[in-house]
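# Descriptive analysis of the structure
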Amino acid sequence: MKDYKREIASRVASLEAVSSAGLGEQDVYDIIEAPQDTGLGDYAFPCFRLAKALKKAPPAIAAEAAEALAAPADLPHAPAAFRARATGAYLNFFIDRAAYCADVVQEAIVQGARYGSSGIGMGRRAIVEYSSPNIAKPFHIGHIRSTVIGSAIGNILGFLGYEVVRINHLGDYGTQFGKLIVAYRRFGSREEVEASPITALLKYYVEFHKRAEQDPSLNEEARLAFAALERGEEEERALWEWFREESLKEFTVVYELMGIRFDSFAGESFYSDKMAHVVGELEQDGLLESSEGAKIVDLDAYGLGKALITKSDGSTLYITRDIAAAVYRKEHYGFYKNIYVVASQQDLHFRQWIKILELMGRDWASDCVHVPFGLVRLEDGAMSTRTGNVVFLEDVLTQAIEKTKAVIEEKGVVTDNADEAARQIGIGAVIFQELHNNRIKDYVFNWDKVLNFEGETGPYVQYGHARAASVLRKAAEKGIDTSPGALAGIRDFSAGASDAAFALARLIGGLPAAVSEAGEKYEPSLITRHVTDIAQAFSVFYHDEPILSDEGDSRLVKLALTAAAKTAIQNGLALLGVSAPERM
Ligand code: ARG
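These numbers were taken from a predicted model, which means no experiment stands behind them.

Each value, and the rule that gives it
One numbering rule holds for all chains: residues counted from 1, following each sequence as written. At least 70 in pLDDT is required for a residue's local features to be given in this predicted model, at least 80 for side-chain atom pairs to be given and counted, and no such filter applies to totals for whole chains, interfaces and linings, which use all residues. Note that water and hydrogens are dropped before the side-chain values are worked out from all heavy atoms of the structure. Strands here are runs of E lasting at least two residues and helices are runs of H or I lasting at least four, both read from the DSSP assignment and numbered beginning at the N terminus. Remark: exposure states derive from per-residue accessible area (1.4 Å probe, protein chains only) relative to the maximum for the residue type, with buried under 20%, exposed over 50%, and partly exposed in between. Contact criterion: two residues are considered in contact whenever any of their non-hydrogen atoms come within 4.5 Å of each other. Areas reported here follow the Shrake-Rupley algorithm with a probe of radius 1.4 Å; residue values treat only the protein chains shown as occluding. When charges are counted, Lys and Arg are positive and Asp and Glu negative, with His and the chain ends excluded. Charged groups are reduced to one reference atom each: NZ for lysine, CZ for arginine, CG for aspartic acid, CD for glutamic acid. In short, DSSP must find at least two bridges between two strands for them to pair. Here a crossover is taken to be right-handed if, once the strands point away from the viewer, the path from the first strand over the helix to the second is traced clockwise. Here, expected helix span is obtained from the residue count minus one, scaled by 1.5 Å. Residue proximity to a molecule or strand is established when one non-hydrogen atom of the residue lies within 4 Å of it. What qualifies as a polar contact is a pair of N or O atoms within 3.5 Å, subject to a donor-acceptor requirement within protein and to the restriction that residues adjacent in sequence count only when both atoms come from side chains. Definition used in this section: a nonpolar core is a set of buried Ala, Val, Leu, Ile, Met, Phe, Trp, Tyr and Cys residues joined via side-chain atoms within 4.5 Å. Comment: axis = line fitted to C-alpha atoms, over the contacting stretch for helices; angle = value between 0 and 180 degrees taken between N-to-C directions. Any carboxyl oxygen of Asp or Glu that lies within 4 Å of a side-chain nitrogen of Lys or Arg is treated as forming a salt bridge with it. In this scheme Phe, Tyr and Trp rings, the latter by its six-membered ring, pair at centre separations within 6.5 Å, and the angle between planes marks the pair as stacked below 30 degrees, edge-to-face above 60, and tilted otherwise. Roughly parallel means an angle under 35 degrees; roughly antiparallel means over 145; roughly perpendicular covers 65 to 115; every other angle is labelled oblique. With the far helix as reference, a near helix turned anticlockwise by less than a right angle produces a left-handed crossing, and one turned clockwise produces a right-handed crossing. Classification used: nonpolar for Ala, Val, Leu, Ile, Met, Phe, Trp, Tyr, Cys and Pro, charged for Asp, Glu, Lys and Arg, polar for all others including Gly.

If you tally the helices and strands in the protein chain, you get 24 helices and 12 strands. Counting all 584 residues of the protein chain, 54% fall into the buried class. In the protein chain, once contacts between residues fewer than 6 apart in sequence are set aside, the share between residues at least 24 apart is 74%. Summed over its atoms, the accessible surface of the protein chain is roughly 25200 Å², and 49% of this surface lies on carbon and sulfur atoms. The positive charge centre, built from 62 side chains, and the negative charge centre, built from 82, are 2 Å apart in the protein chain.

Turning to the environment of Arg423, a few remarks are in order. Turning to its location among the elements, Arg423 is positioned in helix H17 (residues 418–434). According to the relative accessible area criterion, Arg423 is partly exposed, its value standing at 27%. When the C-alpha positions of Arg423 and Leu160 are compared, they lie 29 Å apart, and in sequence the two are 263 residues distant. Look past the residues within four positions of Arg423 in its chain and what remains in contact with it is Leu257, Ile401 and Gly428.

Burial analysis of strand E9 (residues 337–341) places 5 of its 5 residues in the buried class, which makes it a mostly covered element. Across 4 bridges, strand E4 (residues 125–129) lies against E9 in parallel orientation. What sits directly across from Val128, in E9, is Ile339. Of the strand pairs in this sheet, E9 and strand E10 (residues 368–371) are connected by 4 bridges, and their pairing is parallel. Residue pairing for E10: Tyr340 is matched across the bridge by His370. Following the chain from E9 across helix H15 (residues 347–359) to the adjacent parallel E10, one finds a crossover that is right-handed.

The subject of this paragraph is helix H7 (residues 141–159). If you check H7, its first and last C-alpha atoms are 28 Å apart, about what 19 residues at 1.5 Å a residue would give, namely 27 Å. Across the 19 residues that make up H7, a large majority, 17, are buried. Where H7 ends, the next residue or the one after it, Gly161, has phi of about 100°, a positive value.

So, on to the site of the ligand. Looking at the ligand, the residues that line it are Glu129, Ser132, Asn134, His143, His169, Tyr318, Asp322, Tyr340, Val342, Gln346 and Phe350. A distance of 2.9 Å is found between a nitrogen atom of the ligand and a backbone nitrogen or oxygen belonging to Ser132.

Next up on the list: the nonpolar core. One finds Phe45, Met258, Phe445 and Ile508 to be the most contacted residues of the largest nonpolar core, which totals 165 residues. The biggest single contributor to this core is helix H24 (residues 552–576), with 12 residues. Here Phe445 is in contact with Ile141, Val376, Arg377, Leu378, Glu379, Val396, Val430 and Val450, once residues within four sequence places are set aside. Formed by 37 residues, the second largest nonpolar core is a distinct cluster that contains Leu282, Leu317, Ile354 and Ile356.

Moving on, we get to the sheet that holds strand E8 (residues 306–310). Ordered in space as E6-E7-E8, the 3 strands form an open sheet in which the pairing is antiparallel. Each of the sheet's edge strands pairs with one partner strand only, and the pair in question is strand E6 (288–291) and E8. Direction aside, neighbouring strands of the sheet carry axes that sit 40° apart on average. Across 4 bridges, the pairing between E6 and strand E7 (residues 294–298) is antiparallel. By the bridge assignment for E7, Ser290 is matched with Lys295.

With that settled, the discussion passes to the pattern of salt bridges. Considering all chains together, one arrives at 35 salt bridges under this definition. One salt bridge connects Asp172 with Arg244, and the closest N-O pair in it is separated by 2.9 Å. With Asp172 in the loop between strand E5 (163–167) and helix H8 (175–187) and Arg244 in helix H12 (residues 234–258), the pair connects residues that are 72 residues apart, well separated along the chain. Looking at Asp172, the relative accessible area reads 0%, which means it is buried.

As a further point, take helix H10 (residues 197–214). The first and last C-alpha atoms of H10 sit 26 Å apart over 18 residues, in line with the 26 Å expected at 1.5 Å per residue. Along H10, the residues that are buried comprise Pro197, Ile198, Ala200, Leu201, Leu202, Tyr204, Tyr205, Val206, Phe208, His209 and Ala212.

Moving on: the sheet that holds strand E1 (residues 43–46). If you walk across this open sheet you meet the 3 strands as E1-E3-E2, and the pairing is antiparallel. Edge positions in the open sheet fall to E1 and strand E2 (82–87), since each of these has one partner strand only. For this sheet the average axis-to-axis angle between neighbouring strands, irrespective of direction, equals 25°. Examined bridge by bridge, E2 and strand E3 (residues 90–95) share 6 bridges and lie antiparallel to one another. Directly across from Arg83, in E3, lies its bridge partner Phe94.

A word on the packing of aromatic side chains. The full count for this structure, using the stated rule, is 26 aromatic pairs. Here Tyr173 and Trp240 contribute two aromatic rings whose centre-to-centre distance is 6.1 Å and whose plane-to-plane angle is 85°, an arrangement assigned as edge-to-face. Taken as a pair, Tyr173 in the loop between E5 and H8 and Trp240 in helix H12 lie far apart in primary sequence, 67 residues in all. For the pair Tyr173 and Trp240, one class covers both residues: buried.

Of note, Thr562 is situated in helix H24. With sequence-adjacent residues up to four places away left out, Thr562 is seen in contact with Ala468, Val471, Leu472, Phe538, Phe541 and Ile547.

Moving on, we come to the packing of H7 against helix H22 (residues 511–521). How two helices pack is summed up by the angle between their axes together with the distance between the axes. Relative orientation of the contacting elements H7 and H22 amounts to 120°, with a least axis distance of 9 Å. On the basis of their axis angle, the class for H7 and H22 is oblique. Between H7 and H22 lies a crossing of left-handed hand. In this structure, H7 contributes Ile156, Leu157 and Phe159 to the contact, and H22 contributes Val515, Ala518 and Gly519. A breakdown of the residues in the contact of H7 with H22 according to their chemical character gives 5 nonpolar, 1 polar and no charged.

Structure below.
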């Protein structure tokens, strides 16, 4: 589709005043914005930046520029697709709204499920690591953020042409398994674990910590058990494998419920035989220092403290596995970017090991990106695995579905299949809520907010999509050809370029840019916000403009815009991992 902003930028950049102020086309492009008040224009070029170079007041510059742009001498080629007008310090532009609507609608309808995508990442491989829960511990509401944000980032990068490898770096290794083995041996029961694995294992873990407070020797016993596991002792190994398997079964239930998938479950244990090499290399590079029998890398010079690489008994740590994992991934996948969607509390950890890789001479260290996010809290307080005060994600999801079912019944929402609708809407609501704010913000999980059909929520946006679907269905029932082929063929929008229609078209037209920005910034909330805006604009359009009761070209044009809005919302929701039911 024609890039209107680019066209305007090129004309503005060709003005003598602008080039003499040292601004090129790209500078102009970056400065151009959308006026707050849409009555003032469709694009605006603020003239402040020219004032100093031209030694003139911005309003005078704007006025002269508008005049120059209107002068025929300045239009050697085709007639301009826009009109310029000065308002204060701004050079404002009005584009041909009907032509713009036609362009956007055609693009969205023709591209369908691909609308908003691009090939910018083509030929590049991006690893996205997310979720990564710890086995034998509950998959709690705190994990949902990594899972949902990471999965959405994977979808977005895939839509931008990257080849995405989705990895779940399971926390399936480390001293906590020593604790669990000891706990199980001392007071566990096989029946209990088999009946409800994570609940049982969590109980043992909590109990272990309680007892270890009284009897610190338990910690030493646990350390020895983990060392035995690392040596590959049969009994410890078998117990660990069993804990892992049972835990994975429970995680899988959640992933399936949410439609989340992975290409690899290579977790921490996968690197158990790959760490010696890394430790050896660190030793050779002279980066390791001994400290009371343990080995550390001193990062004080970088303000990053000291990183513990091996304990005094030789056992490895979380960070050792992350270094080994990055080295392995580079060799195995040859990534362009290696992205980690992990809570901001682990900031120091990531800065430490990425710095260590850099010191090891890995020039690709800077391609390892930590994408942090803030905390989620439930209204009634924080969560901690140690005290057992946790909320299981599976319960949250099941509750979301139950509550949605109740809302659907109360509202008398018509669906093909109430259970499936409740699942799509309930899970969609939880995912949408997670992706609503900038990821770095902490937030409080609140049921009323999540399931509110009127707020900026998943159900609201899904409802906008379903309403568009319903309009198109009813039109088809009236015998109107609403096939993509027919609607995409409409070129004359002069019958329907109302303010509401144009506002909606602009948002639909903005989807591709929102997707690429979300990919660049690893920020799915940009898409959440954008689809919310589209749904709101569609709602205004729908209320302002009679569609089905209209006639002729005017009705067709509105139906085409409705179809384009539906496509844009659906694609945006798909990127977030939220389904878009046809009926609601
Ligand atoms: N298992 C860790 C946790 O639950 C998250 C793992 C993050 N990924 C990584 N490569 N360190 O806290």
